[in-house]
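Given next are the chains, with one letter for each unit.
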Amino acid sequence: RLCSDEYPADWKIDLEKISGWAKRASDLYKHRLHIRIIDAQSPLGMWKRIRHGFLKTPAFIVERKQAHIGWDFDRLELIIDEVITEAAIKVRRG
């Protein structure tokens, strides 16, 4: 029996959603994006939830300042695009 069989079906579905998005985002953004998945129930996950005020999951933190909560990956990618654009503008300005 596999360890993954022990998890509830909804957790497995959520993991597949996040894993699928992470793969697509990694392909799309290449070296411009660092993805770190943290279990919300782990000590670090609990600290992040308290620090950033997350009551729901999934939650995403972009550049330690912008947050997105929920499954709207299009909105998350818009936030990522904005952060990348802002960083590029700052680099050009010197």
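You'll find the structure just up there.
Computed from a prediction, not measured in an experiment: that's the story for all the values here. (Residues numbered from 1 in each chain as written. Predicted model: local features only at pLDDT ≥ 70, side-chain atom pairs only at ≥ 80, totals over all residues. Heavy atoms only, no water.)

What about the nonpolar core?
Formed by Trp 21, Ala 22, Ala 25, Tyr 29, Phe 60, Val 62, Phe 73, Leu 76, Ile 79, Ile 80 and Val 83, the largest nonpolar core amounts to eleven residues. For this core, the element with the most residues is helix H3 (residues 73–93), which contributes five residues. If near-sequence neighbours (up to four positions away) are discounted, Ala 25 is found in contact with Lys 30, Leu 33 and Ile 35. (Core = buried A, V, L, I, M, F, W, Y, C linked by side-chain atoms within 4.5 Å. Buried < 20%, exposed > 50% of the residue type's maximum accessible area, 1.4 Å probe, protein only. Helix = DSSP H or I, 4+ residues; strand = E, 2+ residues; numbered from the N terminus. Contact = heavy atoms within 4.5 Å.)

Re unusual backbone geometry
One can expect most non-glycine residues to show negative phi and most peptide bonds to be in trans. Looking along the chain, the bond that leaves Thr 57 and enters Pro 58 is cis, with omega of 0°. Along the chain, the position of Pro 58 falls in the loop between helix H2 (43–52) and strand S1 (59–62). One non-glycine residue with positive phi stands out, namely Lys 30, at about 50°. Looking at the element boundaries, Lys 30 is found in the loop between helix H1 (9–29) and H2.

A short note on H1
Between its terminal C-alpha atoms H1 stretches 30 Å, which fits the 30 Å expected from 21 residues at 1.5 Å a residue. Among the residues making up H1, those that are buried are Ile 18, Trp 21, Ala 22, Ala 25 and Tyr 29. Down the axis of H1, the buried side of the element spans an arc of 105°, and every buried residue falls inside it. In H1, the exposed residues that point more than 90 degrees away from the buried face are Ala 9, Glu 16 and Lys 23. Summarising the contacts, the buried residues of H1 are in contact with S1 and H3. Two residues or fewer after H1 comes Lys 30, characterised by a positive phi angle close to 50°. (Expected span 1.5 Å × (residues − 1). Arc of directions from axis to C-beta.)

Honestly, it's all geometry; don't read function into it.
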